[in-house]
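Commentary on secondary and tertiary structure
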Amino acid sequence: MFSVDSMHGKSFYRKDSKSEQAAKGKLGLLMSSPIHIWRSNVSKKIALAVFMTILLVQTLVLNIGLIPAYKREKLNVLREQAKVAIALAIDQEHKDTRISPFKGPEVDRLLRSSPLTGFAVYSYRYDFLQSYGSDPMLAAKIGGSDQTYFSPDGQVYEVIFDGADIGSIYTIVARIDASNVADEISAYVFQNIQVMSLLSLFVTTVLMIALGKWLLEPMLFMRENLISAFKNPEEPNIPESPFNTNDEIGAAIALTQKLIRQNAENLTHIKSTAEDRIHKLAFYDTLTGLPNRALFLQKIVESARLGDDDDSHRFAIVALDLDHFKDINDSMGHNVGDAILRSVGKRLRAALPETAVVSRTGEDEFALMVPLTDGGFSARDVGERLIGVIRAEPFKVFNEQFQVRVSIGVSTYPDDGVEPDLVLKNADIALNRAKEEGRDTLKEYSEDFDRAVQERFQMLRDLRDALEHDQLQLYFQPQLDLKSGQVIGAEALLRWWKPDNSKEGGTFISPVNFIPVAEQSGLIVPIGQWVMKKACETAKECLDQHGLNVRFAINVSGNQFSQSDICGYLAQLLEETGLPPQMLELEVTESVFMDDIQHTVQILHNLHGLGVELAIDDFGTGYSSLSYLSQFPIDRLKIDQSFIRQALNDNENASIARTIINLGHSLNLKVIAEGVETRDHEEFLIEQGCDEVQGYRYCRPVPVDDFVAFVKTYNGDLKSFDS
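The sections below set out a description of the structure shown in this document. (Residues numbered from 1 in each chain as written. Predicted model: local features only at pLDDT ≥ 70, side-chain atom pairs only at ≥ 80, totals over all residues. Heavy atoms only, no water.)

Time to look at the overall build of the chain. The helix and strand inventory of the chain stands at 23 helices and 23 strands. Relative to the 2.2 N^0.38 estimate, which gives 27 Å for 723 residues, the radius of gyration of the chain is 57 Å and therefore markedly larger than a compact globule would have. Oriented by its inertia axes, the alpha-carbon framework of the chain measures out at about 175 × 85 × 60 Å. When burial is assessed residue by residue, the chain has 42% of its 723 residues classed as buried. The contacts of the chain with a sequence gap of at least 6 include a subset with a gap of at least 24, amounting to 62%. In the form shown here, the chain has an accessible surface area of approximately 38700 Å², with 52% of it arising from carbon and sulfur atoms. (Helix = DSSP H or I, 4+ residues; strand = E, 2+ residues; numbered from the N terminus. Rg over C-alpha atoms; globule rule 2.2 N^0.38 Å. Buried < 20%, exposed > 50% of the residue type's maximum accessible area, 1.4 Å probe, protein only. Contact = heavy atoms within 4.5 Å. Areas by Shrake-Rupley, 256 points an atom, 1.4 Å probe, with all protein chains shown as cover.)

Shown next, in the form of structure tokens:
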């Protein structure tokens, strides 16, 4: 058993001995009630409400019944005193009804010895005869003997005595001093208030003791139970209830304690279940049930730690990626893709020993750790075995068969790193090299791979600095019309001058080296916006300062179509620079169209609506998009330079160039050829009816000042380039 003490809202529980429990009993509970109830806010509110209610009822009774009755009693006493005094003072032998029956000495004695302050005498006919002392307010009249008057200030009380009251034939209107009545009433009220307060306090105390035993004390005990459960819901300190469960309150307390204990058990169970669930979510893949990357790293760290004292302890780390898995998701739906991922996980798990760890580390990526217990068994052997397992047979999903191919990168601990996470990183580097070299292949980690990654990372950092510190430049290569020989445009080409400590002060970085890095990192979007802005500003300067009204062609990356609002940005540029839109041409490659045809067509229409020209760059080298070509609002096709350079020596390339020219003309498009380096190239294109050309035969890409000088000095004759 426990005792419950409450002190300023705090609870203290202490164990009682059996003898103490026996001594207390019900009497102890009753005696403790007053202590507890007066410390409870609820008890105080109930006590105040009861006390005020009883006091209010008594006050109403006092005001409505007792005070008026007491007042009437006091006034009746004054009336009787005045009546007796007048009856004794009147001359009963006086017979002349026309004269007052009072004598002077008797009147003086009457006014001095009685509460009378004045009176008026009337005959039996109610004729006024004489008044003495203060004149009364009332007047005697027929039927008015019951009239009384009590002044507003409570000082005067007037009554009428007829002959029957005083044993005479006269009627007397008496004015009585009632000043003591108000004081007596006040004293009476004060005395009653004292009695009522004591009575209310007594009744309230008795009632609260009863409420404390049967209601408030159980409520406070229940409250302490709930506070304990709130502070420690999993292990609440709940004493046994001392209250009888046969009544409603005791039963409610027992039920409350049962619910508290059930809640504690449920919380403990839920917490345990949640911890297990959190552990699974944190360390296991929900789709395949395999360990995730975090748990995989823990496993390889543990495996490496176990082998710290054993130089022969080695294991292979395999990074595996499903080739073109996105195409399966996009074409067949994620349900099919998820089923394939689960099947791949099961097949990998079944193909490896129990000591191996198979994990899913990304959307379509798996990582595996395989101990190399056999000295002749290498990481490459593991990778080749896994490729064979995946290729062995198609995956069957929903009665459909899917031939899955994988790219694999492998590394070995401790040969490729003494830190487990470094070995995993090296396997990822090898995987990336496998994907770069065509996929469906296996690559072992080599330090050369790591150097290439570091160089690429360093180039990316330098490229960010170049964009920030204005190291990028635009060069321009003239474009000429084959029929008129005139310069009709220029292609803006990006150049990167990287300062260094050499004698020249820096070097040009080839676009072949930095453009792929920019494409892969997404940096091509801000670079492309810089190129577009710089080209518009340069074209506007050439128009305003040199009168060159030619178009300027800009290469647009596919990332700019998908990751930026190219239409909004270009519209803003044209407005800011004031460049006529027909002086700007955007060149896009065929590969851009194949990601999302409808989206690309809509963007091209929006761009064309701005008034700029559009060209398909490197036509013939990308995906086959002839079926969509008529949908594109383009102005020209640009033949890739590889076809032009080989056209004179290779019939196939010559046929391709010829076909592109004919196709463009059939669609009412201009055709421009790049890579024109010799007079023979030029004559071939003239024979095929090509419209425009650019290449080293005419001019290399040059800064804008040199381009302006070229245009101004050029005589318009294509033969002038023969020399």
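In this section: the sheet that holds strand E9 (residues 357–360). Strand order across the open sheet formed by five strands is E9-E10-E8-E13-E14, with mixed pairing between neighbours. One side of each edge strand has no neighbouring strand; the edge strands of this open sheet are E9 and strand E14 (442–444). Across the sheet, the axes of successive neighbouring strands diverge by a mean angle of 15°, strand direction being ignored. Across four bridges, E9 lies against strand E10 (residues 365–371) in antiparallel orientation. The partner of Val357 across the bridge, within E10, is Met369. Contacting strand E8 (315–322), E9, E10 and strand E13 (406–413), helix H7 (residues 293–306) crosses the sheet at an angle of about 15° to E10. Packed onto the sheet, helix H10 (residues 379–391) meets E8, E10, E13 and E14 and runs at close to 155° relative to E13. (Pairing = 2+ DSSP bridges. Axes fitted to C-alpha atoms, helices over the stretch in contact; angles between N-to-C directions.)

Mapped onto the secondary structure, Thr273 falls in helix H6 (residues 248–283). In the structure, Thr273 is positioned 42 residues away from Lys231 in sequence and 22 Å away in space, judged by C-alpha atoms.

A few words now on the packing of helix H8 (residues 325–332) against helix H9 (residues 334–351). One can describe the packing of H8 onto H9 by two numbers: an axis separation of 6 Å at closest approach and a directional angle of 140°. The orientation of H8 with respect to H9, classified from their angle, is oblique. Side by side, H8 and H9 meet where Phe325, Ile328, Asn329 and Met332 of the first sit next to His334, Val336, Gly337, Ile340 and Leu341 of the second. A class-by-class count of the residues in the contact of H8 with H9 yields six nonpolar, three polar and no charged. (Parallel < 35°, antiparallel > 145°, perpendicular 65-115°, else oblique. Nonpolar A, V, L, I, M, F, W, Y, C, P; charged D, E, K, R; others polar.)

Helix length check: helix H11 (residues 420–436), at 17 residues, gives a terminal C-alpha distance of 25 Å against a target of 24 Å (1.5 Å per residue), a fit within 8%. Of all the residues in H11, the buried ones are Pro420, Val423, Leu424, Asn426, Ala427, Asp428, Ile429, Ala430, Leu431 and Ala434. Phi turns positive, to about 110°, at Gly438, one or two residues after H11. (Expected span 1.5 Å × (residues − 1).)

So, on to the pattern of salt bridges. Applying the stated criterion across every chain yields a total of 37 salt bridges. A salt bridge links Glu436 to Arg433, with the shortest nitrogen-to-oxygen separation between them at 3.8 Å. Residue Glu436 and its partner Arg433 are both found in helix H11; the two are separated by three residues, about one turn of the helix. Taking the relative accessible area as the measure of exposure, Glu436 reaches 44% and is therefore partly exposed. Three or more residues are tied together by salt bridges with common partners; here these are Arg551, Glu585, Glu613, Arg636 and Glu692. (Salt bridge = Lys/Arg side-chain N within 4 Å of Asp/Glu carboxyl O.)

Counting residues in hydrophobic clusters, the biggest one holds 83 residues, and the most contacted among them are Leu584, Leu586, Leu607, Leu685 and Phe707. In terms of residue count, the dominant contributor to this core is helix H14 (residues 524–546) (ten residues). Excluding its chain neighbours within four sequence positions, the residues that come into contact with Leu607 are Phe561, Ile566, Cys567, Leu570, Leu586, Val612 and Leu614. Grouped together as the second largest cluster of nonpolar side chains are 33 residues, Ala339, Leu352, Leu368 and Phe402 included. (Core = buried A, V, L, I, M, F, W, Y, C linked by side-chain atoms within 4.5 Å.)

Attention now moves to a nonpolar patch on the surface. Among the surface-exposed residues, Leu199, Phe202, Val203 and Val206 lie close enough to one another that they form a single nonpolar patch of about 350 Å² accessible area. Structurally, the position occupied by Leu199 is in helix H5 (residues 179–231). (Patch = residues over 30% accessible without salt bridge, like charges linked within 9 Å, V, L, I, M, F, W, Y side chains within 5 Å.)

Using the criterion set out here, one finds 18 aromatic pairs in the structure. An angle of 15° between the planes, with centres 4.7 Å apart, marks the rings of Phe315 and Tyr413 as stacked. Of the two residues, Phe315 sits in strand E8 while Tyr413 sits in strand E13, which places them 98 residues apart along the sequence. The two residues Phe315 and Tyr413 agree in class, both being buried. With 6.2 Å between their ring centres and 20° between their planes, Phe710 and Phe721 make a pair best called stacked. (Phe/Tyr/Trp six-rings, centres within 6.5 Å; stacked < 30°, edge-to-face > 60°.)

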